[in-house]
Amino acid sequence: MDIAKALERLSLCGGRLGDNLIANGAISKETLERFLHRTPREPENIKATGIDESDLLSLLLKLIYVGRLQTVRQFADAIKLPYGIVLELVRMSVDRLFLQTLGSRNSDSLIDLAYTFTEQGRRFVIDAMNRQHYTGPAPVTLDEFTDQVNLQKLTNELVTPEKIKAATIGLQFDDHIIEQAGPALNSGRAMLLYGPPGNGKTTVAQRFASVFCDVIYVPYSVMVEGQIIRVHDPSIHLPLATVDIEDDESEFTVTRAQTYDARWVPCQRPFVITGGELTLEMLDLRYDTTGHYYEAPLHVKALGGCFLIDDFGRQIVSPTTLLNRWIVPLEGKVDYLKLHTGKTFSIPFEELVIFSTNLEPEDLMDPAFLRRLPYKIEVGAPSTENYKKIFESECKKQSIEFSDEIFDVIVHKVTVDKGLELAAYHPRFIVDQVIATCRFMREVPHFEPRFIDYAVDNLRVRQSTSKKVTQARM
C-alpha cells in the first residue's frame, strides 16, 4: 500500500521512489539510509576497490586466459567489476603489451571490442597462474567484509511468536518450546537442543533458522594480506534475484548512489549443518597448496545465518576440545583465523550457533561451559496427543485409513511389548513399513495386526535369550 501511494505521488510530482516514500511518511530518511547502505555499492574506480591495481590486472588476465574471453563485456561479467574499471584495466594491459585489440564486428561500443593475448601477455599470465591459481570474481577487502557482516546481524530482525509458529507449521510439539526459543533467537546467542533421538531436533533447528528472512550479501572472496580467501559457496549461499539500481536511467530509481556491487551475492541467510564428521581442522582456513588460495571454514560461510553442530558429542574430536575452540567466538563475538604465512586476523562472529545432542549435556561439558550456553531447550518425547496428531497427518498424507483402535494397538505394542518411549519419528517409520509390506503382498495399503507387528519389530532388534537372562540376573 505504501509503495502504491509512493508510485502514485511519483507519477504526479516526479523524483525518486525513496524520496516519495519519505514524503508520504511511510519511512523516515534515516531508516531509508540505513537500508540502502546495507546494499554494497559498486566502486567508482580502481582505488575504491581497496585492491592493488596489479592484483586486479593479474586476476583479469587469468580470467581471460582460463575462460578464453574476448570482449570487455565478457571480462566485466567474469570479474564482477564496473565497465569503467574493466576498461581501465584493459587499457593498462594494452599499454603493457599484454593484450592487443581485434576490433569489433557488430558494434561500435567499447565494451564489445575484442582482444587477444600477445606473446608477452601469454608468458605473464602463465607466470601469474603459477603464483596463484584463483580465477573468480574480484575479491573485497577484509575491512569491507567486516563492515558488511556487522550490518547484517541476525539481531537486526525481530522474532515474534507468530513467526515461529509460521516457521514450525506442520510440526507437533509443546508450546513451551516456542516460548523458550523466541528469546534465544532474538538474542542471537548460542542454543543447546537436547533430548532422546528421533524427536526432530535437527528439523526444529532448521525451522528456527527459517524465521530469519532478511537478504544478506556474501562476497565471492576476501583478500587478506595479499592472500585470497574464497567465501561464497553455492551449496550454502542460496542466491536471490536482483535488479540493478541505475542512476538517472529509470524514473523509479530509489537512490542517487552507484549501482549494486556485483562482487557480493545477495542470498538467503545461510544454514550450515555439520555432524559427527566435524574436526578442529574444519574450523580453520584450508590452504590449497596447488591453487595457492584459501577456502573459508564452515562457520565463516555461516556468518549472518545459523551454524548447527548436530550429533554433538559424537565427533572424532572430544567435546571438551571442540568447546574450547568456541569459547572466544561465543563470548566475544569475534573469531581469529591464521594464514599459512603466520599472519593472524579477526572477523566478526555474527551467527546463531546451535548445538544438538541426544546425549546427556552434563556428561558432555562441565558446568562452566554450560553456563556459557544461555539457552538450553529440551526436545523430548511427544505427548500421546501429539503422537496421535503426527500419525493422523502421516496417514492422511499417504492415504491409508487410520482409527483410534489402530492407534491404541500401536501405542501398546511400542510402549508395553517393546518397552520403548514414544518418539516423533515412529509414525512415518511405521506407516512406511506397513505400506511397503502391503505392496509386497499386492494388497491395498491398510493396517492389520501382523503388519503392525513387523513394523514395530523393526523399531528395535530382538534381544537374544542369553542377554535377557544376563540382564535379569543383574
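Residues numbered from 1 in each chain as written. Predicted model: local features only at pLDDT ≥ 70, side-chain atom pairs only at ≥ 80, totals over all residues. Heavy atoms only, no water.

Notes on the pattern of salt bridges
Okay, step 1: According to the stated counting rule, one finds 22 salt bridges in the structure shown.
Okay, step 2: Between E88 and R91 there is a salt bridge, with its nearest N and O atoms 2.5 Å apart. Of the two residues, E88 and R91 both sit in helix α7 (residues 83–95), three residues apart, roughly one turn of that helix.
Okay, step 3: Residue E88 is classed as partly exposed on the basis of its relative accessible area of 30%. (Salt bridge = Lys/Arg side-chain N within 4 Å of Asp/Glu carboxyl O. Helix = DSSP H or I, 4+ residues; strand = E, 2+ residues; numbered from the N terminus. Buried < 20%, exposed > 50% of the residue type's maximum accessible area, 1.4 Å probe, protein only.)

What about the sheet that holds strand β6 (residues 221–224)?
Backbone hydrogen bonds hold the strands of a sheet together, and the pairing may be parallel or antiparallel.
Okay, step 1: Read across the sheet, five strands follow the order β3-β6-β7-β11-β10 without closing on themselves; strand pairing throughout is mixed. Each edge of the open sheet is held by one strand with a lone partner, namely β3 (140–141) and β10 (286–288). (Pairing = 2+ DSSP bridges.)

A closer look at the side chain of S356
Okay, step 1: With respect to the secondary-structure elements, S356 resides in strand β15 (residues 352–357).
Okay, step 2: Classification of S356 by relative accessible area gives buried; the value is 1%.
Okay, step 3: Contacts of S356, omitting those with residues within four sequence positions, involve L193, K201, L308, I309, D310, D311 and F312. (Contact = heavy atoms within 4.5 Å.)

Here's the deal with unusual backbone geometry
Okay, step 1: One non-glycine residue, R68, lies in the positive phi region at around 55 degrees.
Okay, step 2: In this structure, R442 takes a positive phi of about 60 degrees despite not being glycine.
Okay, step 3: Its location among the elements puts R442 in the loop between α19 (426–440) and α20 (449–457).

Details of helix α8 (residues 119–131)
Okay, step 1: Counted at 1.5 Å a residue, the expected span for α8 with its 13 residues is 18 Å, and the 19 Å between its end C-alpha atoms agrees.
Okay, step 2: Those residues of α8 that sit buried are G121, V125, A128 and M129. Each buried residue of α8 sits inside an arc of 100 degrees when the element is viewed along its axis, so together they form one side. Of the exposed residues in α8, those oriented more than 90 degrees away from the buried face are E119, R123 and N130.
Okay, step 3: Buried-residue contacts for α8 involve α5 (53–67) and β2 (114–117). (Expected span 1.5 Å × (residues − 1). Arc of directions from axis to C-beta.)

Observations concerning a negative patch on the surface
Okay, step 1: Residues E360, E362, D363 and E378 make up a contiguous surface patch of negative charge.
Okay, step 2: Positionally, D363 belongs in helix α15 (residues 361–364).
Okay, step 3: A relative accessible area of 65% places D363 in the exposed class. (Patch = residues over 30% accessible without salt bridge, like charges linked within 9 Å, V, L, I, M, F, W, Y side chains within 5 Å. Areas by Shrake-Rupley, 256 points an atom, 1.4 Å probe, with all protein chains shown as cover. Lys, Arg positive; Asp, Glu negative; His and termini not counted. Charge placed at Lys NZ, Arg CZ, Asp CG, Glu CD.)

Quick notes on the packing of aromatic side chains
Okay, step 1: Applying the stated rule across the entire model yields 17 aromatic pairs.
Okay, step 2: Judged by centre distance (6.4 Å) and plane angle (35 degrees), the rings of F451 and Y454 are tilted. Placement of the pair is F451 and Y454 together in helix α20, with a separation of three residues, close to one helical turn.
Okay, step 3: For F451, a relative accessible area of 1% gives the class buried.
Okay, step 4: Among the aromatic side chains, those forming a connected cluster through ring pairs are Y387, F391, F402, F407 and F447. (Phe/Tyr/Trp six-rings, centres within 6.5 Å; stacked < 30°, edge-to-face > 60°.)

Some words on helix α6 (residues 72–79)
Okay, step 1: All of the buried residues in α6 are V72, F75, A76 and I79. Within α6, the buried residues cover an arc of 95 degrees as seen down the axis, which keeps them to one side.
Okay, step 2: As for α6, its buried residues are in contact with α5, α7 and β2.
Okay, step 3: The positive-phi residue at the C-terminal boundary of α6 is K80, with phi of around 60 degrees.

With respect to the nonpolar core
As a rule of thumb, nonpolar side chains are buried together in soluble globular proteins.
Okay, step 1: Counting residues in hydrophobic clusters, the biggest one holds 32 residues, and the most contacted among them are L61, I64, F75, I79, V86 and L89.
Okay, step 2: The leading source of residues in this core is α5, at seven residues.
Okay, step 3: For V86, the contacting residues outside a window of four places in its chain are V72, F75, A76, I79 and L81. (Core = buried A, V, L, I, M, F, W, Y, C linked by side-chain atoms within 4.5 Å.)

What about the sheet that holds strand β4 (residues 191–194)?
Okay, step 1: Read across the open sheet, the five strands follow the order β9-β12-β15-β4-β16; overall the sheet is parallel. Taken across any chain shown, the strands that pair with only one partner, and hence form the sheet edges, are β9 (271–274) and β16 (375–378). If you compare each strand with its neighbour and ignore which way they point, the axes differ by 20 degrees on average.
Okay, step 2: Pairing geometry for β4 and β16, over four bridges, is parallel. Each residue of the ladder has a partner; that of Y194, found in β16, is E378.
Okay, step 3: Across the sheet, helix α11 (residues 175–187) lies against β4, β15 and β16, angled at about 155 degrees from β16, the strand it touches most.
Okay, step 4: Strands in contact with helix α12 (residues 201–209) are β4, β9, β12 (306–309) and β15; relative to β4, the strand with the most contacts, it is inclined by about 145 degrees. (Axes fitted to C-alpha atoms, helices over the stretch in contact; angles between N-to-C directions.)

A word on the side chain of Q152
Okay, step 1: With respect to the element layout, Q152 can be found in the loop between α9 (142–151) and α10 (161–167).
Okay, step 2: By relative accessible area, Q152 is classed as buried at 5%.
Okay, step 3: Not counting the four nearest positions on each side in its chain, Q152 is found in contact with R38, I216, Y217, R269 and G304.

Regarding the packing of α5 against α6
Okay, step 1: Running from N to C, α5 and α6 cross one another at 110 degrees; their axes reach a closest spacing of 10 Å. As the angle between them shows, α5 and α6 are arranged roughly perpendicular. Handedness of the α5/α6 crossing: right-handed. Judged by residue contacts, L56, L59, L60, L63 and I64 of α5 engage F75, A78 and I79 from α6.
Okay, step 2: Looking at the contact of α5 with α6, its residues break down into eight nonpolar, no polar and no charged. (Parallel < 35°, antiparallel > 145°, perpendicular 65-115°, else oblique. Left-handed = near helix turned anticlockwise from the far one by under 90°. Nonpolar A, V, L, I, M, F, W, Y, C, P; charged D, E, K, R; others polar.)

Thoughts on the environment of Y336
Okay, step 1: Relative to the assigned elements, Y336 resides in strand β13 (residues 334–338).
Okay, step 2: With a relative accessible area of 48%, Y336 lands in the partly exposed category.
Okay, step 3: Not counting residues up to four positions away in its chain, the partners in contact with Y336 are R325, V328, T344, F345 and S346.

Brief notes about a nonpolar patch on the surface
Okay, step 1: Together, Y65, V66 and I126 line one region of the surface with nonpolar side chains, adding up to about 240 Å² of accessible area.
Okay, step 2: As for its position among the elements, V66 is in helix α5.
Okay, step 3: Judged by relative accessible area, V66 falls into the partly exposed class, the value being 44%.

Interpretation in functional terms is not warranted from these geometric data alone.
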